[in-house]
Amino acid sequence: MRSCVVLLMLVAVQPVSAQQPPVVTADDYAHAERFLGYNTTPLVFGIGVRPTWLANGRFWYRIAIPQGFEYVLVDPAKRTRGRVFDHAALAAALSRAADTTFDAFHLPFTQFDLAADGKSIAFDIAARHWTCDLPPTRCTGAPRKEPPRNAVFSPDSTRAAFIRDNNLWVREIASGQETQLSTDGAKDFGYATDNAGWIRSDRPVVLWSPDSKKIATFQQDERGVGQMYLVQSRVGHPVLEQWNYPLPGDTLITTIQRVVIDLTGPRVVRLQVPADQHRSTICDHVLCGGRWADVEWSPDGSRLVFVSTSRDHKKEQLRSADAATGVVRDVFAESTATQFESGFGRVNWHALFATHDLIWFSERDNWGQLYLYDLETGRLKNRITSGPWTVLQVLRVDEPTRTIWFTAAGKEPGDPYFRHLYSVRLDGTRLTPLTPEDADHDVTLSPDGRWFVDSYSRPDVPPVTLLRDAAGRTLLTLERADISRLQAAGWKPPIPITVKARDGKTDLYGLLYRPTHFDSTMKYPIVNHDYPGPQTGSVGGRSFSAARGDAQALAELGFIVVEIDAMGTPLRSKSFHDAYYGNMGDNGIPDQIAGMRELARRYPWIDLDRAGIYGHSGGGYSSADAILRYPDFFKVAVSEAGNHDQREYEDDWGERYHGLLVRSPDGTTSYDDQANQNLAKNLRGKLLIAFGTADNNVPPYNSLLLVDELIKANKDFDLLALPNRRHGFGNEPYMIRRRWDYFVRNLLGAEPPAYELHPPVAR
């Protein structure tokens, strides 16, 4: 049986005056550790519904219950909810067949296929593929057939595209026969190459046509592009990693030459258009969210519509290509003074081939809204949405009824980051709110658009999950989260806060964390957990979570911890998002300081003379920037994996948000002011710089540039190099503990205890 995780409510350290140095013990650290996610998440049930839709309109999901996990089957038409199968019977049948013992609510799989007739399920366990009858009486296993690695399946699942020797190939799934589709691929000039510099894989970047007869892809030109180097440590000779990694200001950066491959032949059709920049309208790669962005096929596979993005992200050109001839026609273009994006986390433009329409997302009036264009002429037909709020994601377009379902933020009163679902007609009429509750709504639509699952919650309110129809009517309550064990263990939610930005007018939103043993008569140091954007903010999502990183755990050691979404972060107006465009060294820190000062005026238990800051990646950049640019305010900073100079980070990031690099005759550049190493002489407080020596996202040289200048300036600082770590080391137990130690020692004034975090061992 699975053991129950309990939060022991120890008497944790209280901040005291300078005349009485506090004592922080191993018990205090153990108490704080119990507020980390691996201890709090197991105390929450009925949260995280992720439906798997079936062909007949039903769906199933896996959910945590006190005994473990159950699998639930929902029939929207009948408005029924029940277990997919008898868990105990299935565990018994599988145990007999596998000659082992499985627990009914800890079954050894998380995904399965339910037969269309509902009489069996199939799933994989390790190297075997199992099929079990329903009701469960018998299970049979067979050697698992491994799917092609790093391949993309066709819509009809009969073929899989993959890369071999820089060329694109296809494999017939049934027979295993392989066919080479391209022949002129070469090193640094390969087909379907997945390499953005900061992320890379062997999986091809392709888009199959709906009829599975054609593939849209590109030949990626990286010839002459600058190299990145990393060295992994080991006993004996180290291992050198080397790959193409363009940087801002490089003369040669990655480009793509678009092609369509007709599998009959096969035949490669080159689109008659100049090579495009390796850019997209939504992320700093052409592959966004696992999908090749800004490319759409017509239903019959005869046309390909795509968007070309300029190197600086200031111009978008929508184009239409004849898949048979490669002839390309320019349809529509939009330019912006800063940087263009087509939505938030999802590309929002869509071609409607049957009616020759184009749905287009634009922030031209300072708010992200939808517009309807003529797909043939590029003429604006009408606005679809309007107002001082932001469309986030277009989730579904129903062409017969000319209706769009989309999420948006800021339209309803309250927190402007809460997501809501709406529907609207393409002519802009019948704008209908579908999720009325004052909360953040995480919605999943059924493939046919008849239903959607809506989990709504707030950072301080656990979720309720409903089944609703396309008009927003509630059909069935699926789950009500149970956090009683979490609350019984002493957990308390973060406090939503609103403060003013640097201008004294703009509202900023965030979260404040206090120790669960909070004493309003005490004075607490304040620590800012920061992520400056521009692609996200410090708080992250507004849905409920039992733990948000280690913010609450750190607070338990005697701190007030705050997260504030400063100007320069997304999901609001364009002017808000572009607040420090071209000046990335700003990092929103003036807003963080203004917000912290307001909180200190509001709450006398905040000691603003003991202010710290920490963050990872972009937050590592901003936390170092904060203590170097504002040494009178921030006394302690922990900077992890920071991109301290955008000239040392992948080209698309800096060139999108800071602009193209411009060199002046005197040798200075437009990037000088954003580089943290140029501020090294300002250090007066305590700074811990941490980096992974094998970080292939933000290369370690970002940190070493800063370290070198701190040494030249004769500044004392602390350095933690984690051998062979990639970018995500911030959640490692050792890094968390060192982060806590740094604030306890240098902000709280106590000596940290000897302690080791103990996350559960994965089973």
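Above: the structure in question.
An account of the accompanying structure is given in this report.

1. Points about the overall build of the protein chain
(1) Moving on: In terms of helices and strands, the protein chain carries 11 helices and 48 strands.
(2) Moving on: Here the protein chain has a C-alpha radius of gyration of 27 Å; the compact-globule value for 763 residues is 27 Å, and the two agree.
(3) Moving on: The principal-axis extent of the C-alpha atoms belonging to the protein chain is close to 80 × 75 × 65 Å.
(4) Moving on: When burial is assessed residue by residue, the protein chain has 57% of its 763 residues classed as buried.
(5) Moving on: Put simply, 59% of the contacts in the protein chain that link residues at least 6 apart link residues at least 24 apart.
(6) Moving on: Looking at the protein chain as shown, the accessible area adds up to about 31,100 Å², and 51% of this sits on carbon and sulfur atoms.

2. With respect to the environment of C139
(1) Moving on: By secondary structure assignment, the location of C139 is in strand 8 (residues 139-143).
(2) Moving on: It is 9.6 Å that separates the C-alpha atoms of C139 and A92, two residues lying 47 residues apart in sequence.
(3) Moving on: Residues in contact with C139, not counting those within four places in the same chain, are L90, A93, L94, A97, W130, T131 and C132.

3. Quick look at the pairing of strand 18 (residues 227-232)
(1) Moving on: Bridge count between strand 18 and strand 19 (residues 239-244): six bridges; the pairing is antiparallel. Pairing of Y229 across the sheet is with Q242, part of strand 19.
(2) Moving on: Hairpin connection of strand 18 to strand 19: six residues between the antiparallel strands, including G236 at a positive phi of 95°.

4. Digging into the sheet that holds strand 1 (residues 52-53)
Across a sheet, strands are paired by hydrogen bonds formed along the backbone, either parallel or antiparallel in direction.
(1) Moving on: One open sheet accounts for four strands, arranged 1-2-3-4; its pairing is antiparallel. Looking at strand neighbours, the two that pair on one side only are strand 1 and strand 4 (80-83), the edges of this open sheet.
(2) Moving on: Of the strand pairs in this sheet, strand 1 and strand 2 (residues 59-65) are connected by two bridges, and their pairing is antiparallel. Looking at the pairing, W53 lines up with F59 of strand 2.

5. Observations regarding helix 1 (residues 26-33)
(1) Moving on: For helix 1, the buried fraction is high: six of the eight residues fall into the buried class.
(2) Moving on: Inspection of helix 1 places D28, Y29, A30, H31, A32 and E33 among the buried residues, and these make up the whole buried set.
(3) Moving on: Against the buried residues of helix 1 lie helix 2 (37-40), helix 5 (551-556) and helix 11 (733-748).

6. Details of empty space enclosed by the protein
(1) Moving on: Summed over all chains, the structure comprises six cavities of 30 Å³ or more.
(2) Moving on: Each residue belonging to the lining of the largest cavity can be placed in one class, and the counts come to six nonpolar, three polar and two charged.
(3) Moving on: Considered as a void within the structure, the second largest cavity measures approximately 70 Å³ in volume.
(4) Moving on: Partitioned by chemical class, the residues of the lining of the second largest cavity number two nonpolar, five polar and six charged.

7. Comments concerning the nonpolar core
(1) Moving on: With 45 residues, the main nonpolar core has L554, F559, W740 and F743 as its most contacted residues.
(2) Moving on: At eight residues, the largest contribution of residues to this core is made by helix 11.
(3) Moving on: If we ignore the near neighbours within four places in the chain, the residues touching W740 are Y29, A32, E33, L36, D550, A553, L554, L557 and L757.
(4) Moving on: If you look at the next biggest cluster of nonpolar residues, it comprises 39 residues, including V499, I564, A626 and L710.

8. As for the side chain of S320
(1) Moving on: One can find S320 in strand 27 (residues 315-322).
(2) Moving on: Given the relative accessible area of 5%, S320 is considered buried.
(3) Moving on: Apart from residues lying up to four places away in sequence, S320 is in contact with R303, L304, V305, V327, V328, R329 and V331.

9. Comments concerning the state of the cysteines
Two cysteines, two sulfur atoms, one covalent bond between them: this is a disulfide.
(1) Moving on: Counting across every chain of the model gives two disulfides.
(2) Moving on: The disulfide partner of C283 is C288, and the S-S distance across this bridge is 2.0 Å. Taking the sign of the S-S torsion, about -80° here, the bridge from C283 to C288 comes out left-handed. For the pair formed by C283 and C288, the shared burial category is buried.
(3) Moving on: The connectivity of the disulfide bonds within the protein chain can be written as 1-2, 3-4, using the sequence rank of each bonded cysteine.

10. Some details on the sheet that holds strand 40 (residues 474-480)
(1) Moving on: Strand order in this open sheet of four strands is 37-38-39-40, and the pairing throughout is antiparallel. For this open sheet the edge positions go to strand 37 (440-445) and strand 40, each flanked by a neighbour on one side alone. Here the average twist between neighbouring strands, direction ignored, is 20°.
(2) Moving on: Direction of pairing for strand 37 relative to strand 38 (residues 451-458): antiparallel, over a ladder of six bridges. Among the inter-strand pairings, H441 is bridged to a residue of strand 38, identified as Y456.

11. A word on the pairing of strand 39 (residues 461-469)
(1) Moving on: Most of strand 39 sits out of view: seven of its nine residues are buried.
(2) Moving on: By the bridge criterion, seven bridges tie strand 38 to strand 39 in an arrangement that is antiparallel. Bridge pairing in strand 39 links V453 to L467.
(3) Moving on: Both strand 39 and strand 40 contribute to a ladder of five bridges, which runs antiparallel. Counted as the bridge partner of R468 is T474 from strand 40.
(4) Moving on: Linking strand 39 back to strand 40 in an antiparallel pair, the connection comprises four residues, with G472 at a positive phi of about 95°.

Criteria and thresholds
- Numbering of residues begins from 1 in every chain and follows the order in which that chain's sequence is written.
- In view of the model being predicted, local features appear only for residues whose pLDDT reaches at least 70, and side-chain atom pairs are presented and counted only at 80 or more, with totals across whole chains, interfaces and linings using the full set of residues.
- Excluding hydrogens and water, the side-chain values take into account all heavy atoms of the structure.
- A run of DSSP states H or I qualifies as a helix once it reaches four residues; a run of E qualifies as a strand once it reaches two. Both are numbered from the N-terminal end.
- Values of the radius of gyration come from C-alpha atoms, whereas the globule rule sets the reference at 2.2 Å times the count of residues to the power 0.38.
- Buried means the residue's accessible area, taken with a 1.4 Å probe over protein chains only, is under 20% of the maximum for its type, while exposed means over 50%, and partly exposed covers the values in between.
- The contact criterion used is simple: two residues touch if any of their non-hydrogen atoms lie within 4.5 Å.
- Only the protein chains shown count as covering a residue, and every accessible area follows the Shrake-Rupley method with a 1.4 Å probe.
- Between any two strands, pairing holds if DSSP finds at least two bridges.
- Here a cavity denotes a set of grid points, spaced 1 Å apart and computed over the protein atoms alone, in which a 1.4 Å probe fits but from which it cannot get out, and a pocket denotes an open set meeting protein on both sides within 12 Å along at least five of seven lines; residues with an atom within 4 Å of a point are reported as lining.
- Grid points are joined across faces, edges and corners, and a volume is the space filled by probe spheres set on the points.
- Residue classes follow a fixed rule: Ala, Val, Leu, Ile, Met, Phe, Trp, Tyr, Cys and Pro count as nonpolar, while Asp, Glu, Lys and Arg count as charged, and any other residue, Gly among them, counts as polar.
- Each nonpolar core is a collection of buried residues, namely Ala, Val, Leu, Ile, Met, Phe, Trp, Tyr and Cys, held together in the definition by side-chain atoms within 4.5 Å.
- When the sulfur atoms of two cysteines come within 2.5 Å, that pair is taken as a disulfide.
- What counts as an axis is a line fitted to C-alpha atoms, over the stretch in contact for a helix, and the angles between N-to-C directions run from 0 to 180 degrees.

Function-wise, these values are silent; they only describe arrangement.
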